[in-house]
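Coordinate inspection notes
Below are the chains, spelled out letter by letter.
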Amino acid sequence: MLTAMKTDLDFLQLALEEAIAAGQAGEVPVGAVLVHQGAVLASAQNRVLRDSDPTAHAEVLALRAGGLAMGNYRLNGCSLFVTLEPCSMCAGALVHARVDRVVYATADPKAGAAGSVLTVINHPRLNHQMQLDSGLLADESSELLKAFFRERR
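Since this is a predicted model, take the numbers as computed values, not measurements. (Residues numbered from 1 in each chain as written. Predicted model: local features only at pLDDT ≥ 70, side-chain atom pairs only at ≥ 80, totals over all residues. Heavy atoms only, no water.)

1. Looking at the packing of helix 3 (residues 58–70) against helix 4 (residues 88–97)
Where helix 3 contacts helix 4, the axes come no closer than 9 Å and their chain directions differ by 25°. Judged by the inter-axis angle, helix 3 sits roughly parallel to helix 4. Relative to helix 4, helix 3 is oriented so that their crossing is left-handed. Along its contact with helix 3, which presents Glu59, Val60 and Leu63, the element helix 4 presents Met89, Cys90, Ala93, Leu94 and Ala97. Among the residues forming the contact of helix 3 with helix 4, the class breakdown is 7 nonpolar, no polar and 1 charged. (Axes fitted to C-alpha atoms, helices over the stretch in contact; angles between N-to-C directions. Helix = DSSP H or I, 4+ residues; strand = E, 2+ residues; numbered from the N terminus. Parallel < 35°, antiparallel > 145°, perpendicular 65-115°, else oblique. Left-handed = near helix turned anticlockwise from the far one by under 90°. Contact = heavy atoms within 4.5 Å. Nonpolar A, V, L, I, M, F, W, Y, C, P; charged D, E, K, R; others polar.)

Written as structure tokens, this is what we have:
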């Protein structure tokens, strides 16, 4: 039986499900899915509060799991789907991991490092460049974040 190839929308929807779960656990609702050769290699959600770890962003956790799954810290051939534009820490990790592509849903006007505040991803002086796409499921991801912070004010 043939299975349909998953699309960017499918993978970003999986990341959004991770983000929803993170929000339900009291974390900032961000989710990430790492894909290699059309298959999910790892998925993660923010765990900063639950793990008492300032580096436990969804992107970093997905990269860690992906590195273990591939047996290599270099994640060539991988794409990361994430609900929020990566921060400078996550963007740096993506560069070091040599991820081929990043697809993020909504921009982060306060900490985004893919062009909103800083340009770490695809900075011309860095040694790795990647394909960067954004905007898919932006409204859903943005509303999830806004609702989360509205409840906390």
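Once you've had a look at it, read on.
2. Points about the pairing of strand 4 (residues 101–106)
In terms of burial, strand 4 is largely enclosed, as 6 of its 6 residues are buried. When strand 3 (residues 78–84) meets strand 4, the two strands line up parallel, connected through 5 bridges. The residue of strand 4 that forms the bridge with Leu84 is Thr106. Where the polypeptide runs from strand 3 across helix 4 and back to strand 4, its parallel neighbour, the crossover connection is right-handed. Two strands pair when backbone bridges link them, and strand 4 and strand 5 (residues 131–134) are joined in this way by 4 bridges, in the parallel orientation. (Buried < 20%, exposed > 50% of the residue type's maximum accessible area, 1.4 Å probe, protein only. Pairing = 2+ DSSP bridges. Right-handed = clockwise from strand over helix to strand, strands pointing away.)

3. Some thoughts on helix 5 (residues 138–152)
Between its terminal C-alpha atoms helix 5 stretches 22 Å, which fits the 21 Å expected from 15 residues at 1.5 Å a residue. Next to the buried residues of helix 5 lie helix 1 (8–24), strand 3 and strand 4. (Expected span 1.5 Å × (residues − 1).)

4. Let's talk about the sheet that holds strand 4
If you walk across this open sheet you meet the 5 strands as 2-1-3-4-5, and the pairing is mixed. Of all the strands in the sheet, just strand 2 (39–45) and strand 5 have a single pairing partner and so form its edges. Averaged over all neighbouring strand pairs, the angle between strand axes comes to 15°, with direction disregarded. Pairing between strand 1 (residues 31–36) and strand 3: 5 bridges, direction antiparallel. Looking at strand 3, one finds that Ala32 is bridged to Val82.

5. Remarks on the packing of helix 1 against helix 5
Between helix 1 and helix 5, the shortest axis-to-axis distance is 11 Å and the interhelical angle comes to 5°. By the angle between their axes, helix 1 is roughly parallel relative to helix 5. Every residue of helix 5 that contacts helix 1 at Leu16, Ala19, Ile20 and Gly23 is listed here: Glu140, Ser141, Leu144, Phe148 and Arg152. In the contact of helix 1 with helix 5, the residues fall into 5 nonpolar, 2 polar and 2 charged.

6. Considerations on helix 4
Every buried residue of helix 4 is listed here: Cys90, Ala91, Gly92, Leu94, Val95 and Ala97. If you follow the buried residues of helix 4, they end up packed against helix 3, strand 3 and strand 4. Within two residues after helix 4, Arg98 carries a phi angle of roughly 60°, on the positive side.

7. Quick word on the nonpolar core
Core analysis: the largest hydrophobic core is formed by 28 residues, its most contacted members being Leu34 and Leu94. Among the elements of the structure, strand 1, strand 2, helix 3, strand 3, helix 4 and strand 4 are those that each provide at least two residues to this core. (Core = buried A, V, L, I, M, F, W, Y, C linked by side-chain atoms within 4.5 Å.)

8. Some thoughts on the packing of aromatic side chains
Applying the stated criterion across every chain, the model contains 2 aromatic pairs. Measuring from centroid to centroid gives 5.2 Å for Phe11 and Phe81, while their planes differ by 35°, and the two rings are tilted. Residue Phe11 is located in helix 1, and its partner Phe81 is located in strand 3; the two are separated by 70 residues in the primary sequence. Accessibility classification places Phe11 together with Phe81 in one group, the buried group. Between the aromatic rings of Phe148 and Phe149, the centroid separation amounts to 5.1 Å while the plane-to-plane angle is 85°, which identifies the pairing as edge-to-face. Given a relative accessible area of 7%, Phe148 falls into the buried group. The side chain of Arg152 reaches across the aromatic face of Phe148, ending 3.7 Å from its centre. (Phe/Tyr/Trp six-rings, centres within 6.5 Å; stacked < 30°, edge-to-face > 60°. Lys NZ or Arg CZ within 6 Å of the ring centre and 35° of its normal.)

Fair warning: the whole summary comes from geometry, so function is off the table for now.
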